[in-house]
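Take a look at the letters that make up each chain.
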Amino acid sequence: MILAPAMPAADAPAPFAPGPIVIWGYMGAGKSTVAERLAERLGFTMLDLDAYIVERVGMPVAACFAAQGETAFRVIEREALLAALDSGVQVLSVGGGALLDPELRARVRMLGTLVTLAVTPAVAARRLTASPAEAARRPLFDAGFAARFAERAAAYADADLIIDTDAATPDEVVTAVEGALRARRVL
Ligand code: S3P
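An account of the accompanying structure is given in this report.

Bringing the sheet that holds strand 5 (residues 161–164) into the picture now. If you trace the 5 strands from one edge of the open sheet to the other, you get 2-3-1-4-5, paired in parallel fashion. On the outer flanks of this sheet lie strand 2 (46–48) and strand 5, each paired with one strand and no other. Averaged over all pairs of adjacent strands, the angle between their axes in this sheet comes to 20 degrees, without regard to strand direction. Strand contacts of helix 1 (residues 31–42): strand 1 (21–24), strand 2, strand 3 (91–93) and strand 4 (113–118), with the helix running at about 170 degrees to strand 3, the strand carrying the most contacts. This element, helix 2 (residues 49–57), spans strand 2 and strand 3 of the sheet and lies at about 65 degrees to strand 2.

In structure tokens form, the structure reads like this:
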């Protein structure tokens, strides 16, 4: 006997599977805070990729850079990103260098929605300087901070949504992200 495959009724709503909302941008853009609050508002699961890496390697990011170097960190970061994307997590914040490879950006955009939180380097530097602990956590918050941003600017612009953060509080950014996701019918 041949069983016909179950077909959805013509008027059935499309299955809702928006894929992960990935929050990216330069250091100091507010990615982790915004991702956390967005997930909380929506009742979504959330993962911070740097925190996940720290858990996987058993040391802080700065120590990992010091012990193994940036190239090794990028390999670890890539593997962690792929595992996170596979995990089904709904909101994912990733470090400022995590999606510099265009193939990774394409993968994120194919699976879900890539949101860049835009920040100018002067504002980012001011935010990081205001918190010595936040500054110390970042091995690349150094003399090359503005030049590195300029090298990466085109990559940050390659996103589904770009939300300005320079003049906004974290909660205002969350509201802007949520509104933009709703406008795109991601939510
Ligand atoms: C990096 C950003 C950091 C962290 C690492 C490298 C970068 O995360 O992943 O220090 O290359 O921009 P934040 O963007 O959360 O500071």
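Next, the rest of the story.
This part covers the packing of aromatic side chains. In this structure the tally under the stated criterion is 7 aromatic pairs. Aromatic pair Y26 and F145: ring centres 4.7 Å apart, planes at 35 degrees, arrangement tilted. Separated by 119 residues along the polypeptide, Y26 in the loop between strand 1 and helix 1 and F145 in helix 7 (residues 145–157) bring together distant segments of the chain. In terms of burial, Y26 and F145 fall into one category: buried. With a centroid separation of 6.2 Å and an interplanar angle of 25 degrees, the aromatic rings of F149 and Y156 are classed as stacked.

Formed by 54 residues in total, the largest nonpolar core has its most connected members in L38, L49, V94, L99, V115, L117 and V177. Counting residues per element, this core draws most heavily on helix 3 (residues 61–86), which supplies 9 residues. Excluding anything up to four places from it in sequence, V94 contacts V22, I23, W24, K31, L49, L81 and L99.

What counts and what doesn't
- Residues numbered from 1 in each chain as written.
- Predicted model: local features only at pLDDT ≥ 70, side-chain atom pairs only at ≥ 80, totals over all residues.
- Heavy atoms only, no water.
- Pairing = 2+ DSSP bridges.
- Helix = DSSP H or I, 4+ residues; strand = E, 2+ residues; numbered from the N terminus.
- Axes fitted to C-alpha atoms, helices over the stretch in contact; angles between N-to-C directions.
- Contact = heavy atoms within 4.5 Å.
- Phe/Tyr/Trp six-rings, centres within 6.5 Å; stacked < 30°, edge-to-face > 60°.
- Buried < 20%, exposed > 50% of the residue type's maximum accessible area, 1.4 Å probe, protein only.
- Core = buried A, V, L, I, M, F, W, Y, C linked by side-chain atoms within 4.5 Å.

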